[in-house]
Amino acid sequence: MSDETLEKMITDFLKLDMPVSSFAWQGGEPTLMGLDFYKKAVELQQAIGKNGQAVSNALQTNAVLLDANWCRFLSQYEWLVGISLDGPKHFHDHYRLDHAGNPTFDKVVSAIEKCRQHKVQFNVLVLLNDRNVTAPDELFDFFTGMNIRYLQFVPCVETGPSAGSVTDFSITPEQFGTFLCRIFDRWTEYGPEKLSIRILDSIMNYLVRGGHSNCSFGNSCNDYIVIEHNGDAFCCDFFVDENCKLGSILDTDIGELARGKTKRSFARQKSRISNKCLICRHNAICRGGCLKDRLILNDNNSDPSYFCQAYKQFFDHSLARLTQIAAKIAAK
């Protein structure tokens, strides 16, 4: 991203004067831009922002490049860091190799220790693939053994080479449903107050406050927009294509792009759910799931989610107990 594009993005966004102006830096691998790029971003935020304006930054990274200098910066400015770690070494290193084909597990674990030493706020993102999804107990024991407090499990599914197929490394709905049920059981045994798991947090937020913190279960897709390195803006990081292109921030202010026809139309697509969803007992809490997961098999955003059966299995298994836990939280 050029200095011109960076300054335009920060200027446009901060002048919207939101309660909290949140920047989420991801890629590719965002640390490849170098630490000086992010130092400049913070300098611009400080120079452009008004006195008392709240600004937050988050970084999603494979953590391979995080060293003491990075961690001092991230701690100083209270950035939230998401670190990708797919479980124990034999799981993580199967897919997560560096550009030379070398394993990265040891570097990631070392980066986590550096984050702790420098008091960097971080969580761990686990990509569930065909290998680790069958080992929920091993993953749970591994992460709690590392004293990880904040976890996010992201199901991996991508369209395969032929119509109606998925890639070999994708997970099945049955695998995902079984995984979620077992993780939920381990979480309730371990102590919900000791471990935050994003999907469970979102459901708890819905039960207590009436709204999700996870956009996958939201009523519409309008939480954010994506700015590419060249200034092109898109509706969502799963839909960086011409059909969902809002325009360029070099030509149009971010606020105007976010309020434009393309973004409004995209947001409404989430509500066009399948007739099967309309009569589903879990419709109110699920809302058809993430839009991208409806397109996997037939490229039809009105289809049920690829993970529909997984969510039904999970909600049937967990919702009564989650409601009890939520009631205790609400009572406090």
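Residues numbered from 1 in each chain as written. Predicted model: local features only at pLDDT ≥ 70, side-chain atom pairs only at ≥ 80, totals over all residues. Heavy atoms only, no water.

A. Fine view of the overall build of the protein. The helix and strand inventory of the protein stands at 13 helices and 9 strands. Taking 2.2 N^0.38 as the reference for a compact globule, 332 residues should give roughly 20 Å; the C-alpha atoms of the protein span a radius of gyration of 20 Å, in line with that estimate. Counting only C-alpha atoms, the protein reaches 50 × 50 × 45 Å along its principal axes. Taken over 332 residues, the protein has a buried fraction of 47%. In the protein, 65% of the contacts between residues at least 6 apart in sequence involve partners at least 24 apart. (Helix = DSSP H or I, 4+ residues; strand = E, 2+ residues; numbered from the N terminus. Rg over C-alpha atoms; globule rule 2.2 N^0.38 Å. Buried < 20%, exposed > 50% of the residue type's maximum accessible area, 1.4 Å probe, protein only. Contact = heavy atoms within 4.5 Å.)

B. Highlighting the environment of proline 103. Looking at where proline 103 falls in the secondary structure, it is placed in the loop between helix H4 (89-95) and helix H5 (105-117). With a relative accessible area of 45%, proline 103 lands in the partly exposed category. Spatially, the C-alpha atoms of proline 103 and histidine 92 are 8.3 Å apart, while their sequence positions differ by 11 residues. Filtering out sequence-adjacent residues up to four positions away, proline 103 remains in contact with Asp93, Arg96 and Leu97.

C. Structural detail: the pairing of strand S3 (residues 80-84). In terms of burial, S3 is a largely internal element, 4 of the 5 residues being buried. Alignment of strand S2 (residues 55-61) against S3, held across 4 bridges, turns out to be parallel. Looking at the pairing, threonine 61 lines up with isoleucine 83 of S3. One crossover worth recording links S2 to the parallel S3 by way of helix H3 (residues 68-76), and it is right-handed. In this structure, S3 lies alongside strand S4 (residues 121-128), joined through 5 bridges in parallel fashion. The residue bridging glycine 82 from the neighbouring strand is asparagine 123, located in S4. (Pairing = 2+ DSSP bridges. Right-handed = clockwise from strand over helix to strand, strands pointing away.)

D. Region of interest: the side chain of lysine 292. Topologically, lysine 292 is positioned in the loop between helix H12 (283-286) and helix H13 (308-331). Filtering out sequence-adjacent residues up to four positions away, lysine 292 remains in contact with Phe238 and Phe239.

E. How the structure looks around a positive patch on the surface. A contiguous patch of positive charge, built from Lys261, Arg264, Arg268 and Arg272, is present on the exposed surface. Looking at the secondary structure, you find arginine 264 in helix H10 (residues 261-269). (Patch = residues over 30% accessible without salt bridge, like charges linked within 9 Å, V, L, I, M, F, W, Y side chains within 5 Å. Areas by Shrake-Rupley, 256 points an atom, 1.4 Å probe, with all protein chains shown as cover. Salt bridge = Lys/Arg side-chain N within 4 Å of Asp/Glu carboxyl O. Lys, Arg positive; Asp, Glu negative; His and termini not counted. Charge placed at Lys NZ, Arg CZ, Asp CG, Glu CD.)

F. Region of the structure containing the pattern of salt bridges. Under the counting rule described, the total for this entry stands at 17 salt bridges. For arginine 186, the salt bridge identified is with glutamate 189, shortest N-O distance 3.9 Å. Residue arginine 186 and its partner glutamate 189 are both found in helix H7 (residues 173-190); the two are separated by 3 residues, about one turn of the helix. For glutamate 189, a relative accessible area of 58% corresponds to the exposed category. Two residues, aspartate 293 and lysine 292, come together in a salt bridge whose shortest N-O distance is 2.7 Å. Both residues of the pair, aspartate 293 and lysine 292, count as buried. The network of salt bridges with shared partners includes Asp137, Asp141, Arg182, Arg186 and Glu189.

G. How the structure looks around a nonpolar patch on the surface. On the surface, a nonpolar cluster with roughly 210 Å² of combined accessible area is contributed by Leu207, Val208 and Ile329. Relative to the elements of secondary structure, isoleucine 329 occurs in helix H13. Judged by relative accessible area, isoleucine 329 falls into the partly exposed class, the value being 45%.

H. Structural detail: the packing of H7 against H13. Look at H7 against H13: their axes get within 7 Å of each other, and the N-to-C directions meet at 20°. Compared by their axis directions, H7 and H13 come out roughly parallel. In the crossing of H7 with H13, the sense of the turn from one axis to the other is left-handed. Where H7 approaches H13, its residues Pro173, Glu174, Phe176, Gly177, Thr178, Leu180, Cys181, Phe184, Asp185, Trp187 and Thr188 are matched on the opposing element by Ala310, Tyr311, Gln313, Phe314, His317, Ser318, Arg321, Leu322 and Ile325. For the contact of H7 with H13, the residue count by class is 11 nonpolar, 6 polar and 3 charged. (Axes fitted to C-alpha atoms, helices over the stretch in contact; angles between N-to-C directions. Parallel < 35°, antiparallel > 145°, perpendicular 65-115°, else oblique. Left-handed = near helix turned anticlockwise from the far one by under 90°. Nonpolar A, V, L, I, M, F, W, Y, C, P; charged D, E, K, R; others polar.)

I. Structural view of H13. Look at H13: 32 Å from first C-alpha to last across 24 residues, which is about the 34 Å you get at 1.5 Å a residue. The largest bend in H13 amounts to roughly 50° and is located at serine 318. Among the residues of H13, those classed as buried are Ala310, Tyr311, Phe314, Phe315, Ser318, Leu319, Leu322 and Ala326. (Expected span 1.5 Å × (residues − 1). Bend = angle between axes of the 7 residues up to and from the residue.)

J. Summary view of the sheet that holds strand S7 (residues 226-227). Pairing is antiparallel across the open sheet formed by 3 strands, whose spatial order is S7-S8-S9. The sheet terminates laterally at S7 and strand S9 (245-248), the two strands that pair on one side only. Here strand S8 (residues 232-234) runs beside S9; their pairing, made up of 3 bridges, is antiparallel. Within S9, the residue paired with alanine 233 across the bridge is glycine 247.

K. Summary view of the packing of aromatic side chains. Counted by the stated rule, this structure contains 25 aromatic pairs. With centroids separated by 5.8 Å and ring planes inclined at 40°, the aromatic side chains of phenylalanine 314 and phenylalanine 315 adopt a geometry described as tilted. Phenylalanine 314 gets classed as buried once you look at its relative accessible area, which sits at 0%. For phenylalanine 315, a relative accessible area of 1% translates into the label buried. The rings of Phe13, Phe23, Trp25, Phe37, Tyr38, Trp70, Phe73, Tyr77 and Trp79 are connected pair by pair, giving a single aromatic cluster. (Phe/Tyr/Trp six-rings, centres within 6.5 Å; stacked < 30°, edge-to-face > 60°.)

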